[in-house]
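Each chain, letter by letter, is given below.
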Amino acid sequence: MHTNQTLNSSDRSDDKVHKVRDISAPWQAQHGTVTGTCDSLRVDNTKNPAYLRNVATAVDEFSEAFAAFMALHAVTTGLPPGIAPAVYPKQTCPEHVALAAARKVDRAAGKAQEASAITGVKIAVEGRSAIDPIAAWGTIRQPRPLLGVDDVYTGCDQIKGHLEQMIAHAETQTTPPMDSAAMHPLIWGAAGRLWRDGHYRLSVTSAAEALIAQVKTRTGRNDVAEAALWQETFADKPPVPGRPRLRWPGDSNDRTVKSMNEGLRQFTAGMQLTIRNSAAHDTGEMLQQDALERLAVLSVVARLVDQCDLIEAPISQGDTP
């Protein structure tokens, strides 16, 4: 179980601009869950290891940019808080170099902007709401800085540690990914454009029609309804002229081969009725997840059909032109 932490920074000392103390506070509901949307699906990115690793990398880049910035600056000491910026450029650092370093930190902060929200790590400042140590890092350059240098360093370290914990947990919960682009090229080739435009039902219809069209082309059949074509193509009867069969490769007496042929005969006809026809005859939009699962079925069938042998009836002497 992950905990969010608020770093309470209210006390300042004469020799240190900002001192971080009291690392506390459990997960707060107000932090919420950072989600990304993929059309109609909402994805909880806090459970996605790849996403979390990208955020962690962004935080590392921010830390490196901030360290480079601090190498050009000195920490203000000996002044009461709120009188001067928490840092100032070293005498050996030209102003334009210091400014360029600050801009690099700003860019890195932008890339890591989600880190504080998804981990819940913030800096508690007296009289203000909790502050994101990455987004608000630039206040250390202002006359009345909200944060000190230690706040930024410690906040980043806490965020990194929390992300490591979240990544480890997410990896134990990760389910196998379903990559639409890795489907059978016939299926995704027919569905891809419609899918990207958000037409999920039509993408299923297009893919199903591409599949049956390929079978019609391969068997030379265009004289029977689609569901019947699947049944006849995988029928256990021998082929006759004009009605070739598709057969699972192997010994026809083998139990697995028999099972595959019988299964394909029933499965493909059922697929035509339940997936293609329901998508083609309905007028409402289909949920993205429902469409994805249907495309997956079509892709499986397309790969199985690719593996089948086409068995044609021998041409008799009388049939020879």
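This one's a predicted model, so the numbers in the text were calculated from it and none came from an experiment.

Visitor: What should I look at first to understand helix H1 (residues 49–70) in this one?
Guide: Note: α-helices contain 3.6 residues per turn, so residues at a spacing of three or four share the same orientation. For H1, which comprises 22 residues, the first-to-last C-alpha distance of 31 Å matches the rise-based estimate of 32 Å (1.5 Å per residue) to within 8%. The opening residue of H1 is Asn-48, an N-cap whose side-chain oxygen sits 3.0 Å from the backbone nitrogen of Ala-50.

Visitor: What is the right way to look at the confidence of the model for the protein in this model?
Guide: Do not read the fine detail of predicted coordinates wherever pLDDT is low. A residue-level look at the protein finds 83% of positions with pLDDT of 70 or above and a mean pLDDT of 84. Note that pLDDT drops below 50 for residues 10–42; the model gives that stretch 80 contacts with residues more than four away or on any other chain.

Visitor: How do you make sense of the side chain of Ser-299 when you look at a structure like this?
Guide: Looking at where Ser-299 falls in the secondary structure, it is placed in helix H9 (residues 288–307). Using a relative accessible area of 6% as the deciding quantity, one classes Ser-299 as buried. Within the structure, Ser-299 has its side chain in polar contact with the backbone nitrogen of His-184 (distance 2.8 Å). Residues contacting Ser-299, with those up to four places away along its chain left out, are Met-183, His-184 and Ile-187.

Visitor: What is the right way to look at the pattern of salt bridges in this model?
Guide: Should their charged atoms come close, side chains of opposite charge can pair. On inspection of all chains with the given rule, the structure shows eight salt bridges. For Arg-53, the salt bridge is made with Glu-171, and the minimal N-O distance between the two is 2.5 Å. Of this pair, Arg-53 sits in helix H1 while Glu-171 sits in helix H4 (residues 149–173), and the two are 118 residues apart along the sequence. Residue class for Glu-171 comes out partly exposed when judged on its relative accessible area of 45%. The closest approach of N and O atoms between Glu-61 and Lys-111, which form a salt bridge, is 2.7 Å.

Visitor: Can you help me understand the packing of aromatic side chains in this one?
Guide: Any aromatic ring pair is given by two values, namely how distant the centres are and how the planes are angled relative to each other. Taken as a whole and judged by the stated rule, the model has eight aromatic pairs. Taking 6.2 Å as the distance between ring centres and 20 degrees as the angle between the ring planes, the aromatic pair formed by Phe-66 and Phe-69 counts as stacked. Linking Phe-66 with Phe-69, this pair stays in helix H1, spanning three residues, or about one helical turn. A centroid spacing of 5.1 Å and a plane angle of 80 degrees characterise the contact between Phe-69 and Trp-137, whose relative ring orientation is edge-to-face. With Phe-69 in helix H1 and Trp-137 in the loop between strand E7 (122–124) and H4, this pair connects stretches of sequence that are 68 residues apart. The pair formed by Phe-69 and Trp-137 is uniform in burial state, with each residue classed as buried. Linked through ring pairs, Phe-62, Phe-66, Phe-69, Trp-137 and Tyr-153 together constitute an aromatic cluster.

Reading the values: rules and limits
- Residues numbered from 1 in each chain as written.
- Predicted model: local features only at pLDDT ≥ 70, side-chain atom pairs only at ≥ 80, totals over all residues.
- Heavy atoms only, no water.
- Helix = DSSP H or I, 4+ residues; strand = E, 2+ residues; numbered from the N terminus.
- Expected span 1.5 Å × (residues − 1).
- Polar contact = N/O pair within 3.5 Å; in protein donor to acceptor, adjacent residues only side chain to side chain.
- pLDDT = per-residue confidence, 0-100.
- Contact = heavy atoms within 4.5 Å.
- Buried < 20%, exposed > 50% of the residue type's maximum accessible area, 1.4 Å probe, protein only.
- Salt bridge = Lys/Arg side-chain N within 4 Å of Asp/Glu carboxyl O.
- Phe/Tyr/Trp six-rings, centres within 6.5 Å; stacked < 30°, edge-to-face > 60°.

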